[in-house]
Structures are given as C-alpha cells and as structure tokens.
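Take a look at the letters that make up each chain.
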Amino acid sequence: MSRWPKGVRLSMHFGASVPDETRKKDSGFTARYASRLARVTGHPISLAQNGNFRVYVLDEDERRAMGPELRRVVPGISSTTVNAVINMPRDTYCVVFTSDPMSTGRIQQAVAIVRAEHPDLMRKSCYHEEIAQGLGLFNDSPQARPSIFNDDEEFGLLTTHDEMLLRILYDPRLRPGMSASEARPIVTQIAAELTGGGAV
C-alpha cells in the first residue's frame, strides 16, 4: 500500500505554448481540486509555487524535450520512465509517476504530464485522474465503477466512489507499506463504516 506520509504540494508548470488565460484557468481549477482532495482524505493537499507533486502542461515538442527537466527534478529517475514520457503514445492523454526511493510505500514525489493541446474538458479530466492516482491509487480496474480508475474511460471526473477509495487509503488505521493481506480486513471495516454497513 502506498500513500504520501507528508503534505502534498501541487505545483503547475506550463510550457511556453500555453496561453496565459489557460494557465490562470487551470491553476484555479487545480487549487479548488486540491482543496476537495484535502477535505476528502483529511490529508494536507494544496497548490504551491514549488511543489513535491509537479504537474506539467506541455505541447508535443515541449514534452519531447522534457528529459533534462525530469532528471533535474527527480534525481535517479530511470531511463525507462524518461522514455515513457518523451515517447508517450498519441492515444495516451496524460500520465503520472511517483517516487518512493526506499520502496516503503511512502511516496515522496510525483510528476504528472498533461497534453497542452487537449480541449478544456479533457485537461480537466486528466487533472482529476492523474492527481488522484498520484496520491496512491495506482491501478485501474474494470471492477472499479463508477470510477475514473477504470480504463474504459466511462467516467472522466472524480466520482463519489473515488472519494470513498481515497478516504479509505488515507485512513489512519492503514499505514504505508502494508501488504494486501494486512490491509484487507481493515479496508473492509472502513468501507462498512463509510457505507453504513456497521462492523464486519
């Protein structure tokens, strides 16, 4: 199980191709979304100038030139990850990766890449999904419905079900690094409480 042990500070980084109006609009949206996520998780999440969760909004040429920047902001980043960003397939709308240097389930840093050429609603959907996934809900599943954590893309924005998943992930009864077998009975108990099912 992975999550952030410390506060999450989101920062927006726009390529030169992104108009000022879009920068202002997207930054405002992300600040409101961060507040929503903080309320849902009970974890400190906010917009900052120089964050530990960096969101890059880039056009094709800017993204392909991102290698040096990625190596600067994520020391020790693998060549595989750098190549996945700069050679992102055209049918991949956005992507996020996290850094857990000690492999303890404690996320220290995250980077999301969003295509600047997307229309407003598509960028908004990317912010919703990639930021939420970067909090620790990494795996898409066809069983997750109604949810943005579902690769059929039926849902583009964070749902009430997704909020519940995030609330469970950041419940203090769970701890980073737990195995699935350790976490499962606790998750079952929390889910029952959240859905009014009582103790199980």
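Note that this is a predicted model, so its numbers are computed, not measured. (Residues numbered from 1 in each chain as written. Predicted model: local features only at pLDDT ≥ 70, side-chain atom pairs only at ≥ 80, totals over all residues. Heavy atoms only, no water.)

Chemist: Got a minute to help me understand the overall build of the protein in this structure?
Modeler: Across its full length, the protein carries seven helices and five strands. For the protein, buried positions account for 46% of its 200 residues. Long-range contacts, defined here as pairs at least 24 residues apart, represent 62% of the contacts in the protein between residues at least 6 apart. Only carbon and sulfur atoms are counted for the fraction: they give 52% of the accessible area of the protein, which is about 10200 Å². (Helix = DSSP H or I, 4+ residues; strand = E, 2+ residues; numbered from the N terminus. Buried < 20%, exposed > 50% of the residue type's maximum accessible area, 1.4 Å probe, protein only. Contact = heavy atoms within 4.5 Å. Areas by Shrake-Rupley, 256 points an atom, 1.4 Å probe, with all protein chains shown as cover.)

Chemist: Teacher, can you tell me more about helix α6 (residues 160-169) here?
Modeler: Residues lying three or four places apart along an α-helix face the same way, a consequence of the helix completing one turn every 3.6 residues. Asp-162, Glu-163, Leu-166, Ile-168 and Leu-169 are the residues of α6 that are buried. Buried positions along α6 lie against α1 (20-41), α5 (120-134) and α7 (180-194).

Chemist: When you look at the pattern of salt bridges in this model, what are you seeing that I'm missing?
Modeler: All told, the structure shown has 13 salt bridges when counted by the stated rule. A salt bridge links Asp-26 to Arg-123; its shortest N-O distance comes to 2.7 Å. Residue Asp-26 is found in helix α1, and its partner Arg-123 is found in helix α5; the two are separated by 97 residues along the sequence. Of the two residues, Asp-26 and Arg-123, neither departs from the other in class, the shared state being buried. Note that Asp-171 and Arg-173 form a salt bridge whose closest N and O atoms lie 3.0 Å from each other. Since its relative accessible area comes to 11%, Asp-171 is described here as buried. Linked through salt bridges whose partners overlap, the residues forming this network are Glu-60, Arg-63, Arg-64, Arg-115 and Glu-117. (Salt bridge = Lys/Arg side-chain N within 4 Å of Asp/Glu carboxyl O.)

Chemist: Before we go on, may I ask you to explain the nonpolar core in this structure?
Modeler: The biggest cluster of nonpolar side chains holds 31 residues, and the ones touching the most others in it are Phe-53, Val-55 and Tyr-127. If one sorts the elements of this core by residue count, α1 sits on top with five residues. The contact partners of Val-55, leaving out residues within four places of it in the chain, are Leu-10, Ser-11, Met-12, His-13, Ala-112, Val-114, Tyr-127 and Ile-131. Listed in part, the 13 residues of the second largest apolar core include Tyr-56, Val-74, Phe-97 and Val-111. (Core = buried A, V, L, I, M, F, W, Y, C linked by side-chain atoms within 4.5 Å.)

Chemist: Looking at this structure, how should I read the packing of aromatic side chains?
Modeler: How two aromatic rings sit relative to each other is given by the distance of their centres and the angle of their planes. As enumerated under the stated definition, the model contains three aromatic pairs in all. Aromatic side chains Phe-29 and Tyr-33 sit 6.0 Å apart centroid to centroid with 10° between the ring planes, which places their arrangement in the stacked category. Of this pair, Phe-29 and Tyr-33 both sit in helix α1, separated by four residues, roughly a single helical turn. Feature note: the residues Phe-29, Tyr-33 and Tyr-127 constitute an aromatic cluster, connected by ring pairs. (Phe/Tyr/Trp six-rings, centres within 6.5 Å; stacked < 30°, edge-to-face > 60°.)

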